[in-house]
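This is what each chain is made of:
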Amino acid sequence: MVAGLIDRGLSKCIDVGLLLVMCGIVGYYGNDEAAEKIYRGLKRLEYRGYDSAGIATAGNPSIKVEKGEGTIDEVSEAEIDGTSGIGHTRWATHGGVNDRNAHPHTDCGEEIAVVHNGIINNYEGLKEKLKNRGHSFSSETDTEVVPHMLEEKMEEGLTLKEALMDVEERLEGSYAIAAVLKTGEMVAVKQDSPLAIGVNGSEKFLASDVTPFLEHTSKAIFLEDGDVVEFNGKLEIYNQREPVEREIQEVDWDAEQASKEGHDHFMQKEIKEQPKTVKKASFQDKSDLEEAVKMLDKADEIYLTGCGTASFAASLGAKYLEEAGYNVRTEQAHELEYSADSISEDDLVIAVSQSGETADLLSLLDKSPAPTLAVVNAVGSTLARQSDHTLYINAGPEIGVASTKAFTSQLGVLKLLQYASEGEIEEGRQKLLETAEAVEKVLENNKDTIEAISDYFTGKEHAYFIGRDKGYEMADEAALKLKELSYIHAEAFPGGEFKHGTLALVEEGTPVVAFLKDNGYDEIVSNAAEARSRGADLIGVGKNEISSFEYFIEIPDKGLEEIVEVAPFQMIAYLTSVELGHNPDKPRNLAKSVTVK
Ligand code: F6R
């Protein structure tokens, strides 16, 4: 960890190849101490990465930097003053996690500090030229070329803003970059990475999303690609070097939603919030739903896609829409991209996402000529802005890295879309209201069993989840939650597939979790029995308890089953993780917003 002023002894670096980062950035420009506000903002952005962190403030006569490996709490030791500054929390995908690669990075004279979210593809060539001109580098990052390029431009007599405009023209890749000069001026630029500005009178914030500044203001500007912003007394935005106006939007999320509200972890709070968020998912404008149905009706082919948990929502959504008579193809976005050539402008892509910033999804949409319908949570996200039509799931900020309430709200909105396409919006809303109640009940009624299953899992190394039809996606999601939070190896299979190979892994005491849906009920019970005969411990979830199972979670016979069934498994994954001594809000190696491919 490097606390206090940046360690200049690290100027020699070992190149370990391309260092890709996916991170969160924060900036503050105002009259208060910047470091405190930036620190609080970074805490809110840690879901985007927490390998290393840092803050730089403009402390004339030099920039002050505090940064290093670890979370912002581990790094933030020394007090650095200044009324403007920038901060960064990082998730590395290639290359070392260490002090010198932590942002912010500075120029040779330590007069400019820079933070960056994204990738600068052509950084190697730029770095080579800068080195030949005498610049000294301290890190392996792509980012560090930026402060040195700004330094050169300012030495030519340009202002910081003009320098950034020149530098931007030479960068290739995706980036949200913020730079602060020792005198306090601050600038930022955005290209293919999200960047929002919070406006609170004379106080201005910038951040990768709105959560860092929600406690100060709900007024936000969502920057467009190519926008360069200057914070210099007033706020000026330019695009292609011309001043532009950007709308100030009122964000309907509040700071409370982005805090733990007395819970031990965000994830715990977000699981328990679901009766409320499922209800909110039903608050869709009738006209928005009707517009979405028109898009469905017009499409030759419908593709439903997402990644990770959102891909399971997409896959269930495809089953819902098939029930309404549509032909739907569903695939994870990164795989569907290989068939992008077969998507035509007469088709429709429905993109499901919490963050609206997932690179795999945005990349597919770049290649697809079809109109896009977004089912998304993050207000003002790239997906929301780039789609032809958006249904917001209204779940509020989801901070825990593992998706919980966003998943159930995605399911809720997709189900509502099915109802809307059948001309039954009100019935759909009613179903979601019943679901909200049922979620509350299932968690309450099964509290002891949920705790007992969590205890049981802490002693296991492997677990298998099986389901048929819509039970398969439930198995997928329950297994993903358990493995990503507890690091127990968990795999999901269609019940029918299990005996075609994987059954060989079942031995005395292997946990097998079965989702018992009406469709294929007898068959999935048989699949569970086949595992039991080989020594498996059975855990079941369904409407009617089977007493021979070791554990059974009985769900109420009302509401949208998929939402009701998944909630106990979110809680089991959460409790198992806590019991094993892990941090469920920050599972190892993961970040919430996966903005690299
Ligand atoms: C798992 C999880 C991830 C995300 C995936 C897509 O708990 O959260 O699998 O679902 O990274 O993210 P979004 O929904 O932001 O596109």
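Refer to the structure presented above.
Residues numbered from 1 in each chain as written. Predicted model: local features only at pLDDT ≥ 70, side-chain atom pairs only at ≥ 80, totals over all residues. Heavy atoms only, no water.

Turning to the sheet that holds strand E11 (residues 219-222), a few remarks are in order. One open sheet accounts for 8 strands, arranged E3-E2-E4-E1-E10-E9-E11-E15; its pairing is antiparallel. If you trace the sheet from one side to the other, it starts and ends with strand E3 (62-69) and strand E15 (249-250), each paired once. Relative to E3, strand E2 (residues 52-59) is paired through 8 bridges, and the arrangement is antiparallel. Across the sheet, Ala56 pairs through a bridge with Val65, a residue of E3. Here helix H1 (residues 34-45) sits on the sheet and contacts strand E1 (24-29), E2, strand E4 (84-90) and strand E10 (203-207); the angle it forms with E1, its principal contact strand, is near 155°. (Pairing = 2+ DSSP bridges. Helix = DSSP H or I, 4+ residues; strand = E, 2+ residues; numbered from the N terminus. Contact = heavy atoms within 4.5 Å. Axes fitted to C-alpha atoms, helices over the stretch in contact; angles between N-to-C directions.)

What follows concerns the packing of helix H9 (residues 309-323) against helix H16 (residues 470-486). At a closest axis distance of 10 Å, the pairing of H9 and H16 adopts a crossing angle of 170°. In terms of orientation, H9 lies roughly antiparallel with respect to H16. Contact residues: H9 offers Thr309, Phe312, Ser315, Leu316, Lys319, Tyr320 and Glu323, while H16 offers Lys470, Glu473, Met474, Asp476, Glu477, Leu480 and Lys481. Across the contact of H9 with H16, the residue classes break down as 5 nonpolar, 2 polar and 7 charged. (Parallel < 35°, antiparallel > 145°, perpendicular 65-115°, else oblique. Nonpolar A, V, L, I, M, F, W, Y, C, P; charged D, E, K, R; others polar.)

Any space left empty among the atoms is revealed by the rolling of a water-sized probe across them. Enumeration over the complete set of coordinates arrives at 2 cavities of 30 Å³ or more. Reported here for the largest cavity is a volume of approximately 240 Å³. Lining the largest cavity are 23 residues, and of these Tyr47, Ser208, Asp209, Ser355 and Ala378 sit closest to its centre. Looking at side-chain class alone, the lining of the largest cavity contains 11 nonpolar, 7 polar and 5 charged residues. (1 Å grid on protein atoms, 1.4 Å probe; cavity = no way out; pocket = protein on both sides within 12 Å on 5 of 7 lines; lining within 4 Å. Points joined across faces, edges and corners; volume = space filled by probe spheres on them.)

In terms of nonpolar packing, the biggest core is built from 78 residues, with Leu304, Ile350, Phe457, Phe465, Phe515 and Phe569 touching the most fellow members. When residues in this core are grouped by element, the largest group, 9 residues, is from helix H19 (residues 561-579). There are two domains that each give this core at least three residues, and those are domain 2 (260-442) and domain 3 (446-584). Dropping the residues within four chain positions of it, Phe569 is found in contact with Phe465, Ala478, Val513, Phe515, Val541 and Ile553. With 29 residues, the next largest nonpolar core counts Val26, Ile38, Ile80 and Val401 among its residues. (Core = buried A, V, L, I, M, F, W, Y, C linked by side-chain atoms within 4.5 Å. Buried < 20%, exposed > 50% of the residue type's maximum accessible area, 1.4 Å probe, protein only. Domains from an automatic or database assignment.)

In this section: the pairing of strand E22 (residues 489-494). Examined bridge by bridge, strand E21 (residues 462-467) and E22 share 6 bridges and lie parallel to one another. Among the inter-strand pairings, Ile466 is bridged to a residue of E22, identified as Phe493. Regarding the hand of the β-α-β motif, the stretch spanning E21, H16 and E22 is right-handed. (Right-handed = clockwise from strand over helix to strand, strands pointing away.)

Moving on: the site of the ligand. Close to the ligand lie 15 residues, the nearest being Ser353, Gln354, Ser355, Thr358 and Glu484. Thr309 is positioned with one of its backbone polar atoms (N or O) 3.1 Å from an oxygen atom of the ligand. Between Ala310 and the ligand, the recorded distance is 3.5 Å, taken from a backbone N or O atom to an oxygen atom. Considered on its own, the ligand offers 410 Å² of accessible surface; in the complex 90% of this is hidden by protein. At a threshold of 2 Å from the grid points, most atoms of the ligand map onto the largest pocket. The greatest single-element share of the shell around the ligand, amounting to 3 residues, is contributed by H16. The class makeup of the residues in the shell around the ligand is 6 nonpolar, 7 polar and 2 charged. When residues are assigned to domains, the shell around the ligand turns out to be shared by domain 2 (260-442) and domain 3 (446-584), each giving three or more. (Near = heavy atom within 4 Å. Polar contact = N/O pair within 3.5 Å; in protein donor to acceptor, adjacent residues only side chain to side chain. Areas by Shrake-Rupley, 256 points an atom, 1.4 Å probe, with all protein chains shown as cover. Sits in = over half its atoms within 2 Å of the grid points.)

One turn of an α-helix holds 3.6 residues; hence residues three or four places apart share an orientation. Its 17 residues give helix H13 (residues 405-421) an end-to-end C-alpha distance of 24 Å, which sits within 8% of 24 Å, the value for a rise of 1.5 Å per residue. Two residues or fewer past H13, Gly423 is found with a positive phi of approximately 70°. (Expected span 1.5 Å × (residues − 1).)

Considered as a void within the structure, the largest pocket measures approximately 910 Å³ in volume. Quantified by volume, the second largest pocket comes out at close to 430 Å³. If you trace the second largest pocket, you find 18 residues lining it, with Ser174, Asp192, Ala359, Leu362 and Thr595 closest to the centre. A total of 4 residues in the lining of the second largest pocket trace back to one element, the largest contributor, which is helix H11 (residues 359-367).

So, on to the environment of Glu554. As for its position among the elements, Glu554 is in strand E25 (residues 551-554). Note on Glu554: relative accessible area 37%, which makes it partly exposed. For the pair Glu554 and Gly535, spaced 19 residues apart in the sequence, the C-alpha separation amounts to 23 Å. Here Glu554 is in contact with Val442, Asn446, Gly542, Lys543, Asn544 and Glu545, once residues within four sequence places are set aside.

It is worth spelling out the packing of aromatic side chains at this point. Enumeration over the complete set of coordinates arrives at 11 aromatic pairs. Where Tyr464 meets Phe493, the ring centres are 6.4 Å apart and the plane angle is 40°; that geometry is what we call tilted. With a gap of 29 residues between them, Tyr464 in strand E21 and Phe493 in strand E22 connect regions that are remote in the sequence. Seen from their ring centres, Phe549 and Phe552 are 5.9 Å apart, and the 70° between their planes marks the pair as edge-to-face. When its relative accessible area of 9% is taken as the criterion, Phe549 is described as buried. (Phe/Tyr/Trp six-rings, centres within 6.5 Å; stacked < 30°, edge-to-face > 60°.)

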